[in-house]
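Observations on the three-dimensional arrangement
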Amino acid sequence: MRSILLIMSLLVVATGAQAGEVDRLYVIDCGWAHALDQSRWSPGINAGVPIDLSDNCYLIHHSSEGYLLWDTGITDRLVALPEGQTVPALGQTWHRTQTLVAALAAFGVKLADVRYVALSHWHPDHTGNLDEFPDATLIIQKAEWDYAMALPQKPFSPDHKSQLIEGDKDLFGDGSLIILSTPGHTPGHQSLLVHLVRTGDVVLSGDVVHFQSNWDNWRVPDFNYDKAQSSASMEKIARVLDEKHPQLWINHDKPSSDARRHAPDFYE
Ligand SMILES: [Zn+2]
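Quick caveat: nothing in here was measured; it's all calculated off a predicted structure.

**Some words on the overall build of the protein**
- Looking only at helices and strands, one finds seven helices and 13 strands in the protein.
- The C-alpha radius of gyration computed for the protein amounts to 19 Å, which stays within 12% of the reference 18 Å derived for 268 residues, consistent with globular compactness.
- Along the longest, intermediate and shortest principal axes, the C-alpha atoms of the protein span 75 × 40 × 40 Å.
- Residues counted as buried form 51% of the 268 residues belonging to the protein.
- The contacts in the protein between residues at least 6 apart in sequence include a share of 62% that link residues at least 24 apart.
- Carbon together with sulfur atoms contributes 54% to the accessible area of the protein, which is approximately 12,400 Å² in total.
- For the protein, the separation between the mean place of its 20 positive charges and that of its 34 negative charges on side chains is 4 Å.

Pasting the structure below:
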């Protein structure tokens, strides 16, 4: 009897009693930008050539942990500005057509249903609506949290319940969501490897790279926090692509973003 109990308990450990899987991923339009000069991201290349950038949030449903939101987009306040908001110093005009709360409500999800918000990095086009989720656990690299909280104007409330990560992490211990530390664009930038039951693996790469031609040509923006780290993080993502063959979803690449199914449709 004792040996049977022991075997049963070992099996629970081996299979993971709480193991779950990612059964849904929604791509949510969280804004877009018109930029006057592509060479801001590709130094010396396409100077003066405009480019449009997408800005998505990704709502992920995990079978035992519930909803995790990856990035929160540009602030919902822009919905009230039909002409968008221009940032002259950056040569960019940002737009948003629907609030995040309305986008989630369109497929029956309330802000309070979101248990975790994980951030690629602190920039405002990724953290614009974080404070709408005061009860969610914020998942962020410790280096990014420390940097953001030391800024003269904090990009989000310091009161979030947070899980500070150092390096890579199998988030729920079942291989379904793996945080990849990819610093360089910012000090504690991170990416997310998602294992979807039917679609397979997808890398949500935050701003490791901004659009497809920069990935194809290995270009790093001059304004990145650390260019050498940025290149190393691109190499890390390339290694993951070689080993696991995931799709690479480049957040700000508008042509590939437009081609993806958006909420309320989803990937399984
Ligand atoms: Zn960005």
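**Some thoughts on the environment of G73**
- Summarising the element assignment, G73 is placed in the loop between β3 (66-70) and β4 (85-87).
- Of the residues examined, G73 reaches a relative accessible area of 0% and is grouped as buried.
- Here the alpha-carbon distance between G73 and S54, two residues 19 residues apart in the chain, equals 9.9 Å.
- When sequence neighbours within four positions are dropped, the list of residues in contact with G73 reads C30, D55, C57, R96, P124, D125, H126, T127, G128 and N129.

**So, the pairing of strand β8 (residues 162-165)**
- Of the pairings in the sheet, the one linking strand β7 (residues 137-141) to β8 comprises four bridges and is parallel in character. Within β8, the residue paired with L138 across the bridge is S162.
- For the handedness criterion, the β-α-β arrangement of β7, helix α4 (residues 142-149) and β8 is classed as right-handed.

**A word on the state of the cysteines**
- All told, the structure shown has one disulfide when counted by the stated rule.
- Covalently, C30 is tied to C57 through a disulfide, its sulfur atoms 1.9 Å apart. Negative torsions about the S-S bond denote left-handed disulfides, and the value of about -120° found for C30 with C57 makes this one left-handed. With a gap of 27 residues between them, C30 in strand β1 (residues 22-35) and C57 in strand β2 (residues 51-62) connect regions that are remote in the sequence.
- Accessibility expressed as a relative area gives 0% for C30, which makes it buried.

**A word on the coordination of the zinc ion**
- Within the first shell, the zinc ion binds the protein through D125 (OD), H126 (NE2), D207 (OD) and H252 (NE2), at distances of 2.1 to 2.2 Å.
- One can describe the site at the zinc ion as irregular: its four donor atoms subtend angles covering 89 to 164° at the metal.
- Donor residues binding the zinc ion come from one chain and are separated in sequence as D-H-x80-D-x44-H. With a gap of 126 residues between them, H126 in helix α3 (residues 124-127) and H252 in the loop between β13 (247-249) and α7 (254-259) connect regions that are remote in the sequence.

**Focus on the side chain of H252**
- Judged by relative accessible area, which is 2%, H252 ranks as buried.
- Among the polar contacts made by the side chain of H252, one reaches the side chain of H126 at a distance of 3.2 Å.
- Residues within four places of H252 in sequence aside, it is in contact with D52, L53, S54, D55, W94, D125, H126, D207 and H210.

**Considering the pattern of salt bridges**
- Evaluation of the coordinates by the stated rule reveals nine salt bridges.
- Here R115 ties to E65 by a salt bridge, and the two come within 3.6 Å at their closest N and O atoms. Taken together, the residues R115 in strand β6 (residues 114-118) and E65 in the loop between β2 and β3 connect sequence positions 50 residues apart.
- E65 gets classed as buried once you look at its relative accessible area, which sits at 19%.

**Let's talk about the side chain of S120**
- Tracing the chain through its elements places S120 in the loop between β6 and α3.
- Since its relative accessible area comes to 0%, S120 is described here as buried.
- A polar side-chain atom of S120 sits 2.8 Å from a polar atom in the side chain of H121.
- Among the polar contacts made by the side chain of S120, one reaches the side chain of H126 at a distance of 3.4 Å.

**Focus: the nonpolar core**
- Among the nonpolar cores identified, the biggest contains 26 residues, and I28, L59, L104 and F156 are the most heavily contacted of them.
- Residue assignment for this core shows that the elements contributing at least two residues are β1, β2, β3, α2 (100-105), β6, β7 and α4.
- Beyond its immediate stretch of four places on either side in the chain, L104 contacts I28, L59, V109, L111, V114 and F133.
- With 22 residues, the next largest nonpolar core counts W70, L177, W249 and Y267 among its residues.

Cut-off values and rules
Residues numbered from 1 in each chain as written. Predicted model: local features only at pLDDT ≥ 70, side-chain atom pairs only at ≥ 80, totals over all residues. Heavy atoms only, no water. Helix = DSSP H or I, 4+ residues; strand = E, 2+ residues; numbered from the N terminus. Rg over C-alpha atoms; globule rule 2.2 N^0.38 Å. Buried < 20%, exposed > 50% of the residue type's maximum accessible area, 1.4 Å probe, protein only. Contact = heavy atoms within 4.5 Å. Areas by Shrake-Rupley, 256 points an atom, 1.4 Å probe, with all protein chains shown as cover. Lys, Arg positive; Asp, Glu negative; His and termini not counted. Charge placed at Lys NZ, Arg CZ, Asp CG, Glu CD. Pairing = 2+ DSSP bridges. Right-handed = clockwise from strand over helix to strand, strands pointing away. Disulfide = S-S within 2.5 Å. Donors = N, O, S within 2.8 Å, 3.2 Å for Na, K, Ca; no water. Tetrahedral: all angles 85-135°; square planar, octahedral: opposite > 155°, others 65-115°. Polar contact = N/O pair within 3.5 Å; in protein donor to acceptor, adjacent residues only side chain to side chain. Salt bridge = Lys/Arg side-chain N within 4 Å of Asp/Glu carboxyl O. Core = buried A, V, L, I, M, F, W, Y, C linked by side-chain atoms within 4.5 Å.

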